[in-house]
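Fold and geometry: a report
One letter stands for each residue in the lines below.
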Amino acid sequence: SVEDGSEVLCCDRDKYNGHSDLVIPFVDFKTGRKFIFTCREGDEKEGEPRIVTFNEDGSYAWRAVDGVGHMHFAWLATFGKEEEKQRIFMVMQENQHWGESKMERLKPIERYYEAYTGKQVSINFPCLGSDLIPIDINGDGISEFYCNEGVHAGELMDQYGKILAKIKANEKIRKVQA
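Now for a look at the structure at hand. The structure presented is a predicted model; accordingly, all values stated were derived computationally and were not measured.

So, about the overall build of the protein. Along the protein, the regular secondary structure elements total zero helices and 15 strands. Projected onto the principal axes, the alpha-carbon positions of the protein cover approximately 55 × 50 × 35 Å. Looking at the protein as a whole, 40% of its 178 residues are labelled buried. Taking the intrachain contacts of the protein between residues at least 6 apart in sequence as the baseline, contacts between residues at least 24 apart amount to 36%. Surface summary for the protein: the accessible area is close to 10,700 Å², and the carbon and sulfur share equals 50%. Counting 23 positive and 31 negative side-chain charges, the protein places the averaged centre of each group 5 Å from the other.

Rendered as structure tokens:
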């Protein structure tokens, strides 16, 4: 706890000895249930999940990608419309191997999951999901996405990948006309 430094909750104490760079607590808007999302990097074991979402008591809510894989990056965003919001996780797995003399990085493996159930879903953007930063720029509760890498760097997109604005360093935001 913050007050005395004692442990409040430990998930998978006896099963997992690696680390998770990303631990994302979140709440189900409709039910108020609380969850803890993690994507794992080290301690790869056959049959053990690389992506785990826990209930607030530390039990499993859902698990994905058994076995091996360095889950390097993730984000949580809100898709849909006001009356039917859906929370989605994007998870990026590094895709690399040793070449003749150095580590070679390939295009990362990206997966999208419904946040409360772990059901894998399909999301299409004109760039890698791991190049995006979800933000709710207009306050409607639905995420927009800022691209910070590649040919779409500086573009602000809606949840369908439509370019809303171009944002360049030291410039004013220019709205893209429909």
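Here the narrative resumes, following the displayed structure.
Before going further, it helps to spend a moment on the pairing of strand 9 (residues 109-114). Inspection of the sheet shows strand 6 (residues 86-93) paired to strand 9 by six bridges, in the antiparallel sense. Paired with Ile88 across the bridge in strand 9 is Glu114. Pairing of strand 9 with strand 10 (residues 120-121) involves two bridges; the strand directions are antiparallel. Across the sheet, residue Tyr112 finds its bridge partner in strand 10, namely Val121.

All chains considered together, the criterion is met by 13 aromatic pairs. Where Phe54 meets Tyr60, the ring centres are 5.7 Å apart and the plane angle is 25 degrees; that geometry is what we call stacked. Three or more aromatic residues link up through ring pairs in this structure, and these residues are Phe26, Phe35, Phe37, Trp62, Phe89, Tyr113 and Tyr116. One residue, Lys85, lies across the ring of Phe29, its end atom 5.3 Å from the ring centre.

Right, let's get into the pairing of strand 6. For strand 6, the buried fraction is high: seven of the eight residues fall into the buried class. Here eight bridges tie strand 5 (residues 71-79) to strand 6, and the two strands are oriented antiparallel to one another. If you follow Ala74 over to strand 6, its bridge partner there is Val91. Between strand 5 and strand 6, which follow one another and run antiparallel, lie six residues, and Gly80 among them has a positive phi close to 100 degrees.

This part is about the sheet that holds strand 10. Overall, antiparallel pairing links the four strands, which are arranged 5-6-9-10 in an open sheet. Because the sheet does not close on itself, it has two edges, and the strands there are strand 5 and strand 10.

This part takes up the sheet that holds strand 2 (residues 34-39). Spatial strand order, 1-2-3-4: four strands in an open sheet with antiparallel pairing. Two strands close off the open sheet at either side, each with one partner strand: strand 1 (22-27) and strand 4 (60-67). Mean inter-strand twist for the sheet, computed between neighbouring axes without regard to direction, equals 25 degrees. Looking at chain direction, strand 2 and strand 3 (residues 45-55) are connected through five bridges and run antiparallel. Bridge pairing in strand 3 links Ile36 to Phe54.

Here the focus is the side chain of His152. By the secondary structure assignment, His152 is in the loop between strand 12 (144-147) and strand 13 (155-157). Exposure remark for His152: the relative accessible area of 19% places this residue in the buried category. Within the structure, His152 has its side chain in polar contact with the side chain of Glu155 (distance 2.7 Å). Setting aside residues no more than four positions away along its own chain, His152 makes contact with Pro126, Cys127, Cys147, Met157 and Ile163.

Definitions and limits used
- Residues numbered from 1 in each chain as written.
- Predicted model: local features only at pLDDT ≥ 70, side-chain atom pairs only at ≥ 80, totals over all residues.
- Heavy atoms only, no water.
- Helix = DSSP H or I, 4+ residues; strand = E, 2+ residues; numbered from the N terminus.
- Buried < 20%, exposed > 50% of the residue type's maximum accessible area, 1.4 Å probe, protein only.
- Contact = heavy atoms within 4.5 Å.
- Areas by Shrake-Rupley, 256 points an atom, 1.4 Å probe, with all protein chains shown as cover.
- Lys, Arg positive; Asp, Glu negative; His and termini not counted.
- Charge placed at Lys NZ, Arg CZ, Asp CG, Glu CD.
- Pairing = 2+ DSSP bridges.
- Phe/Tyr/Trp six-rings, centres within 6.5 Å; stacked < 30°, edge-to-face > 60°.
- Lys NZ or Arg CZ within 6 Å of the ring centre and 35° of its normal.
- Axes fitted to C-alpha atoms, helices over the stretch in contact; angles between N-to-C directions.
- Polar contact = N/O pair within 3.5 Å; in protein donor to acceptor, adjacent residues only side chain to side chain.

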